[in-house]
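Results of the structural survey
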Amino acid sequence: MRVLPWLSAVLPFVAAFDQVVVNKHHNGKENDDALERATHLLKKHPLIDTHNDFPMLLAFELKGKFNELNLKHIEGSHTDLTKIKKGHLTGQFWSVYTDCDTPGSNQVLDAIESINAIKRMIQLYPKTFEFVESTKQFKKAFKHGRVASMMGMEGGQMIGNSLPALRTFYDLGVRYMTLTHNCHTPWAESCCDPANPPFEKGLGLTAFGNKVIGEMNRLGMMVDISHVSHATMNAVLNVTKAPVLFSHSSSHALCAIERNVPDSVLKRLDEVDGVVMVNFYNRFVRCGEDATLSDVADHIEHIASVAGRDKVGLGADYNGIEITPTGLEDVSKYPDLIAEMIRRGWSDDDIIGLAGKNLLRVWRGVERVRDKLHGELPAEDRIDDF
């Protein structure tokens, strides 16, 4: 059959267009299947985030006056009840935070006000939240269909160099403490303080800092080494008896700032066990203003490639960051990230670990060390003893 010249020229373009349509349909179906799988897994297994700064809004921006606030929808907030439900969030460590460099501030009092705000929020919405202080209680909250609500304290300056204060915060329900925020403490070196620490730079921890780690191990409080210097990360790994936590950190190999975790530290996590909960902040993900969901997935992949897929989780830092990656705008978007990891070939077991099981393993490991140290008396050291 003779084909007209103009038809011969057009046919390749028609075929190419058909292939584009087929590919688009295939990719669309693949995306739908991955999201459907992610949603299915999150309905059956815990999704835990270890760092959300929503309590700052309640305690400080609203000055504790939120009895009449409708938490179902809050304009401009990364977090509200509607977004939590859509995101299948079933466990959250709410951040107890105060500015470490505010002149004249009473850090201990500010921390207590933040803790009070978290507990009041839970009491105002008992059908949504359940206060949790242990892995055993977590399982009960998950079974009840409520958001297990734990507390992490972001900055060792809030204990005022006092081990009795540390113990009191534990009694109030704090289950991890970030050793520093962006300021050095007299006993631990921060990642991000431009001044030299009040001890030898590069030491990481002083002798009193070692005592703080020991007392946290004895109490069963997770040692969080986000925000600290690389020297402090290594110093902690040298002395801790319990697994460690990075509550909201990303990979130094992909964004080379001191705030992120270097591969050399990732390789040490097998020594005591630990988990890196990946931060979503653009400036920690891409070292700039622009980042995407795919970039966050790259950090998860890299940390997993060095430390293992059992050493990574999620610590988004929502409500504590002013810019978020495209595709991860708020707490409703967790399923989209899980779907991306499924598309990258992560198995169901890998996903279950990433979503929450890895964190629960580390937390339970900390509790086991506490139980082994049950016979030890509280440390009575004071910072001026050293």
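Look up: the structure comes first, before these words.
What counts and how
- Residues numbered from 1 in each chain as written.
- Predicted model: local features only at pLDDT ≥ 70, side-chain atom pairs only at ≥ 80, totals over all residues.
- Heavy atoms only, no water.
- Buried < 20%, exposed > 50% of the residue type's maximum accessible area, 1.4 Å probe, protein only.
- Helix = DSSP H or I, 4+ residues; strand = E, 2+ residues; numbered from the N terminus.
- Contact = heavy atoms within 4.5 Å.
- Salt bridge = Lys/Arg side-chain N within 4 Å of Asp/Glu carboxyl O.
- Disulfide = S-S within 2.5 Å.
- Expected span 1.5 Å × (residues − 1).
- Arc of directions from axis to C-beta.

Attention shifts here to helix H2 (residues 54-61). Counting buried residues in H2 gives six out of eight residues, a clear majority hidden from the surface. Among the residues making up H2, those that are buried are Phe-54, Pro-55, Met-56, Leu-57, Leu-58 and Ala-59. The inward-facing, buried residues of H2 abut strand E1 (48-52), strand E2 (91-96) and helix H4 (107-124). Once H2 ends, the next one or two residues include Lys-63, with phi positive near 55 degrees.

This part takes up the pattern of salt bridges. For the coordinates displayed, the defined rule picks out 23 salt bridges. With a closest N to O distance of 3.9 Å, Arg-283 and Glu-289 form a salt bridge. When its relative accessible area of 32% is taken as the criterion, Arg-283 is described as partly exposed. Glu-289 sits in the exposed class, given a relative accessible area of 55%.

A word on the state of the cysteines. Within the structure shown, the criterion is met by three disulfides. Note on cysteine connectivity: Cys-100 is disulfide-linked to Cys-183, with sulfurs 2.1 Å apart. Given an S-S torsion of about 70 degrees, the disulfide between Cys-100 and Cys-183 has right-handed geometry. Within this pair, whereas Cys-100 is found in the loop between E2 and H4, its partner Cys-183 is found in the loop between strand E5 (174-178) and helix H7 (207-219), the two being separated by 83 residues in sequence. Using a relative accessible area of 13% as the deciding quantity, one classes Cys-183 as buried. In this model, Cys-255 is linked to Cys-287 through a disulfide, with the two sulfur atoms separated by 1.9 Å. In this structure the cystine formed by Cys-255 and Cys-287 twists about its S-S bond by roughly 115 degrees; its chirality is therefore right-handed. Here Cys-255, found in the loop between strand E7 (244-249) and helix H9 (263-266), pairs with Cys-287, found in the loop between helix H10 (282-285) and helix H11 (293-307); they are 32 residues apart in sequence, far enough to count as distant. Going through the protein chain in sequence order and numbering each bonded cysteine, the pairs you get are 1-2, 3-4, 5-6.

On to H4. Counted at 1.5 Å a residue, the expected span for H4 with its 18 residues is 26 Å, and the 26 Å between its end C-alpha atoms agrees. Every buried residue of H4 is listed here: Gln-107, Ala-111, Ser-114, Ile-115, Ala-117, Ile-118, Met-121 and Ile-122. Across the axial projection of H4, the buried residues extend over an arc of 155 degrees, all falling on one side. On its buried face, H4 sits against H2, E2, strand E3 (129-131), strand E4 (147-154), helix H6 (163-172) and E5.

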